[in-house]
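# Secondary and tertiary structure notes
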Amino acid sequence: MEDEKQYEQADADVRKRILESFERQGLMSHLGARITHIAPGRVRIVLPHRPEVTQQNGYFHAGATSAVADSAGGYAAFTLFPEDTDVLTVEYKINLLAPAVGDRIEAVGTVVKSGRTLTVCQLEVFGVQDDRHTLVAAGQQTLIRVNRTER
């Protein structure tokens, strides 16, 4: 797993915008997910292990794994967007590579190509037990930049 120290922190205004948006996400709150790293073009989201996010065998549910991956990629793209815009997922594909086990999973979204309208991100999800990170899912995502609308 790459060392995040090589990724500079996003500036304070971007961090504030990302965190305020994340706090409005009912699903992330419901799951118990939190953002732990925000850099230009890269975001990490952690989801602690709880019975509510598992499937019948005790592994993290694919739906929870996919949801945090989708959000990590979306916010990675959002770090590069102008202040008066918003982000929506157009599509994503995720491959589940191994059972997601551990104390937590960590989803990392990294911008591959940021465009005026569409942005492509790489998605990775790791099962984490102690200091051991195991890649459990990988994918790719396309996002669209839209003008912010009044809520």
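Cut-offs and rules
Residue numbering note: each chain is counted from 1, following its sequence as written. Owing to the predicted nature of the model, reporting of local features is limited to residues with pLDDT of at least 70; listing and counting of side-chain atom pairs is limited to 80 or more, with chain, interface and lining totals taken over all residues. Side-chain figures throughout are based on the complete set of non-hydrogen atoms in the structure, without hydrogens or water. A pair of strands is labelled paired if DSSP reports no fewer than 2 bridges between them. Only DSSP runs of H or I with at least four residues qualify as helices, and only runs of E with at least two residues qualify as strands; both kinds are numbered from the N terminus onward. Fitted lines through C-alpha atoms serve as axes, helices being fitted only where they are in contact, and the angles separating the N-to-C directions of these axes extend from 0 to 180 degrees. Here, two residues are considered to be in contact whenever any of their heavy atoms come within 4.5 Å of each other. In this analysis, the expected span of each helix is defined as 1.5 Å times one less than the number of residues it contains. Relative accessibility thresholds used throughout: buried, under 20% of the residue-type maximum; exposed, over 50%; partly exposed, between the two (1.4 Å probe, protein chains only). Only Phe, Tyr and Trp rings take part, Trp by its six-membered ring, and two of them pair if their centres are within 6.5 Å. Stacked means planes under 30 degrees apart, edge-to-face means over 60, and tilted covers everything else. Remark: a charge is flagged as sitting over a ring if the NZ atom of Lys or the CZ atom of Arg is within 6 Å of the ring centre and within 35 degrees of the ring normal.

### Some remarks on the sheet that holds strand β5 (residues 118-129)
Strands sit in the order β1-β2-β4-β5-β6-β3 across an open sheet of 6 strands; the sheet is antiparallel. In this open sheet, the two edge strands, each paired with only one partner strand, are β1 (34-39) and β3 (85-96). Strand-to-strand twist of the sheet, defined as the mean angle between neighbouring strand axes without regard to direction, takes the value 25°. Pairing between strand β2 (residues 42-48) and strand β4 (residues 104-114): 7 bridges, direction antiparallel. Bridged to R42 within β4 is T110. Where helix α1 (residues 12-23) meets the sheet, its contacts fall on β1 and β2, and the angle it forms with β1 comes to roughly 155°.

### Some points on helix α3 (residues 62-78)
Given 3.6 residues per turn, any residue in an α-helix points the same way as the ones three and four places further on. Taking 1.5 Å of rise per residue, the 17 residues of α3 would be expected to cover 24 Å, and the 24 Å separating its terminal C-alpha atoms lies within 8% of that figure. A large share of α3 lies buried, amounting to 15 of its 17 residues.

### Some remarks on the packing of aromatic side chains
Counting across every chain of the model gives 3 aromatic pairs. Between F78 and F81 the ring centres are 6.4 Å apart and the planes differ by 85°, which places this aromatic pair in the edge-to-face class. A connected cluster of aromatic rings, assembled from ring pairs, spans F22, Y75, F78 and F81. The aromatic ring of F78 is capped on one face by R17, whose charged end is 4.5 Å from the ring centroid. Taking NZ or CZ as reference, R145 lies 6.0 Å from the ring centre of F81, over its face.

Everything listed here is a matter of geometry and, on its own, says nothing about what the molecule does.
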